[in-house]
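Below, each chain spelled out in residue letters.
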Protein chains: 2
Amino acid sequence: MPRIAYVNGAYIPHRYASVHIEDRGYQFSDGAYEVVNTYRGRLIDELRHLQRLDRSLSELSIASPMAQQAMRLVMREVVRRNRMTTGLLYIQVTRGVAPRDHKFPRSIKPAMVMTARSIPEFPQEMVDDGVKILTIADIRWARCDIKSVALLPNILAKQAAAETGAYEAWLVDECDYVTEGSSSNAWIVTVDNILVTQPTGRRILAGITRQAIISLAGELGYTVEERPFTVTEAYQAKEAFMSNSSHFVTPVTQIDDAVIANGKPGNLTIELHQRYVRFMEESAPIDSLMG
Amino acid sequence: MPRIAYVNGAYIPHRYASVHIEDRGYQFSDGAYEVVNTYRGRLIDELRHLQRLDRSLSELSIASPMAQQAMRLVMREVVRRNRMTTGLLYIQVTRGVAPRDHKFPRSIKPAMVMTARSIPEFPQEMVDDGVKILTIADIRWARCDIKSVALLPNILAKQAAAETGAYEAWLVDECDYVTEGSSSNAWIVTVDNILVTQPTGRRILAGITRQAIISLAGELGYTVEERPFTVTEAYQAKEAFMSNSSHFVTPVTQIDDAVIANGKPGNLTIELHQRYVRFMEESAPIDSLMG
């Protein structure tokens, strides 16, 4: 069965799915995106992702390509046509196609692409073993709250991490604070079992999974402090983890050369991971357009 | 006659010219570009543009899509097929097409797109009247020396300028220094007839026209100081202008609410504009692959 992509109103074999060379996404990175995790037939936190997409587009003055209910139908159709049960639904919206000119073109129609990619269930080894982090200077622009496709600094950071054998890069600002990961939010747990993560604002993306974790941690009786933490604080943390839609709560067991605690995933991290998986299992199945 | 674009080895009617939705240029802004001015059958500063493209690609660890001589032949073919005498030759190179993953894919082939667009000769009114500038915070990333397609902050700045009736935005850093324009370099002339422009480095793009102006100004006996200048200094300058490949030396007669000097283009600015036009006229015709 060939993969099918949605491109500007048509369902097309993935292999032939293309956009015009003057799509402003290609020439100007003039667009926003979302990745919605699909877990055993559930679109996790679908509405929050769509709300965030709306916000990104609004901040960029890009019109919404279609009404929310219509978009949810397309999402379901893409999932269905790709027979995706567990995987990632990718949505990209750009300002559209126009002769190259920095200024926003008049009366342009936004372009929308949607793809689905089935992936294996999240590997238990990553939860059992944890991952290694490389810290690196945060050289991004000043509007990281917008989930734009201008991801060049992010991919350079991720690649730098991979080249040192690390799984993810944590970005560090001029005050030695960890802002977030190259494609995830960054967390530590203090000796007092307090969860610490950078507050939302223009320096980081307001992670959907980050927000879910804050809620779940509250339910479990833990305190979350939304404040910046330094690299040194991270080195000396009791636990550390990263979060995003596809990695849930993934333990961090090493940051640069510093082994975190005893080098094993922390108890609170594991508990949150399990709680988050239960949250996904309890989510509404994909057929439903309710909620 | 239809416009023709070059896309990954093929010459295609512009209208149908497309790239795959998983071209990393589209999903990650993972690429670099150049715009080469074509003036009356001359590719202005062609080799310097190609050298800068090489440098951008090298900084991003993207392989060169083809040898320089081959690329120059494609450039000529694109100019020829579009019967372009005066216009803009646009070259974009991205890391290529691969399943979406932040890390650099292994053994990927870079993608290259080239377009040509004929435009009218540079309007004399812009030289006679000058243009208005809006200053705005520079929110870009820390590697503006790379001519990448991650231009989202640039287009937002240009749009903000347009919405106030200004022609270009000058970007201002946290110390109140003007770094450069959203798609041009920024210059002032002091009361002592000294030309001032931000030094090259990671904060600005090393403009090809900027470099030509430095040389031409030297020939004319003027002093150029490559140092940052503040917005206040710009307001009070004797002259001001912007430069890039398509705007040569364009007088600036107003910055925000401040009229520059008597509101007319400055003498030195006009002289440099005329000298730059002569430099273009004296450039080798396009047929030549020499030099």
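As a convention, each chain's residues are numbered from 1 in the sequence order in which they are written. Lettering of chains starts at A and numbering of ligands starts at 1, both following the order in which they are written. Predicted model: local features are reported for residues with pLDDT of at least 70 only, side-chain atom pairs are reported and counted for 80 or more only, and whole-chain, interface and lining totals are derived from all residues. Values reported for side chains reflect all heavy atoms of the structure, with hydrogen atoms and water molecules removed beforehand.

Student: Could you give me a rundown of the domain arrangement of chain A, with the residues and numbers involved?
Tutor: The extent of an interface is frequently quoted as the accessible surface area lost upon association of the parts. Residues and elements named next belong to chain A. According to the domain assignment, chain A consists of domain 1 (4-118) and domain 2 (124-280). Throughout the structure description, domain borders are defined by an automatic or database domain assignment. Here domain 1 and domain 2 have C-alpha centroids that lie 26 Å from each other. When checking whether two residues touch, look at their non-hydrogen atoms; a contact exists if any pair is within 4.5 Å. Listed per partner, the contact involves 22 residues of domain 1 and 20 residues of domain 2. For the pair domain 1 and domain 2, the summed buried area comes to about 1,800 Å², and 62% of that belongs to carbon and sulfur atoms. The largest share of the area that domain 1 buries against domain 2 comes from Y33, Y39 and R52, three residues that together contribute 32% of it. A carboxyl oxygen of Asp or Glu within 4 Å of a side-chain nitrogen of Lys or Arg is what we treat as a salt bridge. Across the domain 1-domain 2 interface, the total number found is two salt bridges. Buried area, as used here, totals the accessible surface that two parts lose on assembly, with accessibility defined by a 1.4 Å probe and the loss added over both.

Student: Any chance you could break down the packing of aromatic side chains for me, citing the residues and the numbers?
Tutor: For any pair of aromatic rings, the description consists of the separation of the ring centres together with the inter-plane angle of the planes. Under the pairing criterion, centres of Phe, Tyr and Trp rings, with the six-membered ring standing for Trp, must be within 6.5 Å; the plane angle then separates stacked pairs below 30 degrees from edge-to-face pairs above 60, leaving the rest tilted. In total, this model carries 16 aromatic pairs over all chains according to the counting rule given. By the ring-pair criterion, three or more aromatic residues cluster together here, those being A:Y39, A:F122, A:F248, A:Y276 and A:F279. Its end group placed over the ring of B:Y11, B:R81 keeps NZ or CZ at 4.2 Å from the ring centre. Comment: the charge-over-ring label is applied if NZ (Lys) or CZ (Arg) is within 6 Å of the ring centre and within 35 degrees of the ring normal.

Student: Can you explain the pattern of salt bridges? Please cite residues and give values.
Tutor: Residue and element names in this part refer to chain A. Throughout the structure, instances matching the rule amount to 47 salt bridges over all chains. A salt bridge links R55 to D145, with the shortest nitrogen-to-oxygen separation between them at 2.9 Å. Pair noted here: R55 is in helix 2 (residues 46-59) and D145 is in the loop between strand 8 (131-137) and helix 5 (152-163), with a separation of 90 residues, a long-range link. Categorising residues by exposure relies on relative accessible area from a 1.4 Å probe, with only protein chains included: less than 20% of the type maximum marks a residue as buried, more than 50% marks it as exposed, and the intermediate range marks it as partly exposed. Since its relative accessible area comes to 37%, R55 is described here as partly exposed. E219 is the partner of R275 in a salt bridge, and the nearest nitrogen-oxygen pair spans 3.1 Å. One end of the pair, R275, is in helix 8 (residues 267-281); the other, E219, is in helix 6 (residues 208-219), with 56 residues separating them in the sequence. By relative accessible area, R275 is classed as buried at 11%. Each of R55, E59, R143 and D145 takes part in salt bridges that share partners, so that together they form one network. What counts as a helix is a DSSP run of H or I of at least four residues, what counts as a strand is a run of E of at least two, and both are numbered from the N terminus.

Student: How would you sum up the pairing of strand 9 (residues 168-172) of chain B? Please name residues and give values.
Tutor: Regular strands place side chains that alternate from one sheet face to the opposite one. Residues and elements named next belong to chain B. With five of five residues buried, strand 9 lies mostly within the body of the structure. When DSSP finds two or more bridges between a pair of strands, those strands are recorded as paired. Note that strand 8 (residues 131-137) and strand 9 share five bridges and pair parallel. Counted as the bridge partner of A137 is V172 from strand 9. Viewed with both strands pointing away, a crossover whose connecting path from the first strand over the helix to the second turns clockwise is right-handed. Considered for its hand, the β-α-β crossover made up of strand 8, helix 5 (residues 152-163) and strand 9 is right-handed. Note: strand 9 against strand 10 (residues 177-181), two bridges, orientation antiparallel. Within strand 10, the residue paired with V172 across the bridge is V178. Between strand 9 and strand 10, which pair antiparallel one after the other, the connecting turn spans four residues, and D176 there sits at a positive phi close to 70 degrees.

Student: Any details on the packing of helix 2 of chain A against helix 3 (residues 68-81) of chain A? Residues and values, ideally.
Tutor: Residue and element names in this part refer to chain A. Helix axes are fitted only over the stretch in contact, all axes being lines through C-alpha atoms; the angle between N-to-C directions runs from 0 to 180 degrees. In contact at an axis separation of 12 Å, helix 2 and helix 3 are set at 120 degrees when each is read in the N-to-C sense. Taken together, helix 2 and helix 3 sit at an angle that is classed as oblique. In this structure, the crossing between helix 2 and helix 3 has a hand that is right-handed. Contact residues: helix 2 offers E46, L47, L50 and L53, while helix 3 offers Q68, M71, R72, M75 and R76. Split by residue class, the contact of helix 2 with helix 3 holds five nonpolar, one polar and three charged. Here the word oblique covers every angle except those under 35 degrees (roughly parallel), over 145 (roughly antiparallel) and from 65 to 115 (roughly perpendicular). Throughout, a crossing is termed right-handed when the near helix is turned clockwise from the far one, and left-handed when it is turned anticlockwise from it by less than a right angle. Each residue receives one of three labels: charged for Asp, Glu, Lys and Arg, nonpolar for Ala, Val, Leu, Ile, Met, Phe, Trp, Tyr, Cys and Pro, and polar for the others, Gly being one of them.

Student: Break down the side chain of B:D256 for me, citing the residues and quoting the values.
Tutor: Residues and elements named next belong to chain B. Considering the arrangement of structural elements, one finds D256 in the loop between strand 16 (248-255) and strand 17 (258-259). This count recognises Lys and Arg as positive and Asp and Glu as negative, with His and chain-terminal groups excluded. Of the side chains bearing the opposite charge, K132 lies closest to the buried D256, which forms no salt bridge; the N-O distance is 7.6 Å. If we skip the residues at most four places from it in the chain, D256 touches K132, I133, L134, T135, V231 and Y235.

Student: How would you sum up the environment of A:R76? Please name residues and give values.
Tutor: Residues and elements named next belong to chain A. Its location among the elements puts R76 in helix 3. With 37 residues separating them along the chain, R76 and Y39 place their C-alpha atoms 13 Å apart. Of the polar contacts made by the side chain of R76, one reaches the backbone oxygen of R72; its length is 3.0 Å. Polar contacts, as used here, are pairs of N or O atoms within 3.5 Å; protein pairs need one atom able to donate a hydrogen and one able to accept it. Residues neighboring in sequence count only if both atoms are side-chain atoms.

Student: Can you lay out the pairing of strand 8 of chain A for me, pointing to particular residues and giving the numbers?
Tutor: Of the strand pairs in this sheet, strand 8 of chain A and strand 16 (residues 248-255) of chain A are connected by three bridges, and their pairing is parallel. By the bridge assignment, A:I133 is partnered in strand 16 of chain A with A:I255.

Student: I'd like to hear about the relation of the copies chain A and chain B, residue by residue, with values.
Tutor: To line up the copies, we fit them by least squares on C-alpha atoms, keeping just the residues with pLDDT of at least 70 in both. For the pair chain A and chain B, the best superposition has an RMSD of 0.0 Å and corresponds to a rotation of 180 degrees with a translation of 0.0 Å parallel to the axis. The two molecules are tied by a two-fold rotation axis, judged by turn and shift. Interface overlap between copies is the fraction of interface residues in one copy that are interface residues in the other; for chain A against chain B it reaches 100%, indicating a shared surface.

Student: Talk me through the interface of chain A and chain B; I want residue IDs and the actual numbers.
Tutor: Between chain A and chain B, the contact holds 53 residues from the first and 53 residues from the second. For the pair chain A and chain B, the two sides together bury roughly 4,500 Å², of which 66% comes from carbon and sulfur. Between the two partners, chain A and chain B, sit 28 residue pairs in polar contact (both at pLDDT 80 or more). Of all the secondary-structure elements, those providing two or more residues to the side of chain A that touches chain B are strand 1 (4-7), strand 3 (18-20), helix 1 (24-28), strand 4 (31-39), strand 6 (87-94), strand 7 (111-118) and helix 5 of chain A.

Student: Explain the side chain of A:E34 to me, using residue names and the numbers behind them.
Tutor: Locating A:E34 in the fold gives a position in strand 4. Of the polar contacts made by the side chain of A:E34, one reaches the side chain of A:H49; its length is 2.7 Å.

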